[in-house]
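# Coordinate inspection notes
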Amino acid sequence: QVQLVESGGGLVQAGGSLRLSCAASGLTFSRYSMAWFRQAPGKGRELVAGIRGSGIITYYTDSVKGRFTISRDNAKNTVYLQMNSLKPEDTVVYYCAAGRDRPYVPRRRDEYDYWGAGTQVTVSS
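This text gives an overview of the structure that appears in the document.

Parameters at a glance
- Residues numbered from 1 in each chain as written.
- Predicted model: local features only at pLDDT ≥ 70, side-chain atom pairs only at ≥ 80, totals over all residues.
- Heavy atoms only, no water.
- Pairing = 2+ DSSP bridges.
- Helix = DSSP H or I, 4+ residues; strand = E, 2+ residues; numbered from the N terminus.
- Axes fitted to C-alpha atoms, helices over the stretch in contact; angles between N-to-C directions.
- Contact = heavy atoms within 4.5 Å.
- Phe/Tyr/Trp six-rings, centres within 6.5 Å; stacked < 30°, edge-to-face > 60°.
- Buried < 20%, exposed > 50% of the residue type's maximum accessible area, 1.4 Å probe, protein only.
- Disulfide = S-S within 2.5 Å.

## Some remarks on the sheet that holds strand β3 (residues 18-25)
If you walk across this open sheet you meet the four strands as β1-β3-β8-β7, and the pairing is antiparallel. Each edge of the sheet is formed by a strand with only one pairing partner; in this case those strands are β1 (3-7) and β7 (68-73). Strand-to-strand twist across the sheet, computed as the mean angle between neighbouring axes with direction ignored, equals 15°. Inspection of the sheet shows β1 paired to β3 by five bridges, in the antiparallel sense. The residue of β3 that forms the bridge with V5 is A23.

Structure (structure tokens):
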């Protein structure tokens, strides 16, 4: 049984930093691309950042480029999202996702097979 468990969310002031972690179990971690999505109330779930199984190729949505960094430790079956220079508009629930590795970083929700329960990030102004 595949499980993705996020941690690291919380409350932070604008300009601050948080580091999200997602621990995976029940799958061969290095064979999966991993990603962080986020979803605001009443809106669709959007891809924030993704990383291929090797950890070499990454993708970021424009709004987080230069502020967020995705990384993974295949020995620990864990993917991270370092979030710096946080803004109030980053306040949403963040979800970890795992999808079969492809020759590119998957960007669509339906390319991801497993999801975590989500962790809330709140940025105060």
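## Considerations on the side chain of S21
Looking at where S21 falls in the secondary structure, it is placed in strand β3. Once residues lying within four places of it in the same chain are set aside, the contact partners of S21 are V5, E6, S7, W36, T78, V79 and Y80.

## Remarks on unusual backbone geometry
Of note in this structure, N77 is not a glycine but carries a positive phi near 55°. Looking at the secondary structure, you find N77 in the loop between β7 and β8 (78-83). The backbone of S85 sits at a positive phi, close to 50°, despite the residue not being glycine. Counting through the fold element by element, S85 comes out in the loop between β8 and β9 (92-100).

## A look at the packing of aromatic side chains
Applying the stated rule across the entire model yields four aromatic pairs. Between F37 and Y112 the ring centres are 5.3 Å apart and the planes differ by 80°, which places this aromatic pair in the edge-to-face class. Here Y112 lies in the loop between β9 and β10 (114-115) and F37 lies in strand β4 (residues 32-39), a separation of 75 residues in the sequence. For F37, a relative accessible area of 1% puts it in the buried group. Among the residues examined, Y112 registers a relative accessible area of 4% and is labelled buried. Pairwise contacts between aromatic rings join F37, Y112 and W115 into one cluster.

## Focus on the state of the cysteines
Overall, the coordinates contain one disulfide when judged by the stated rule. Each disulfide pairs two cysteine sulfurs, and for C22 the partner residue is C96, the sulfurs being separated by 2.1 Å. When the S-S torsion is -80°, as for the bridge of C22 with C96, the disulfide is left-handed. Here C22, found in strand β3, pairs with C96, found in strand β9; they are 74 residues apart in sequence, far enough to count as distant. Given the relative accessible area of 0%, C22 is considered buried.

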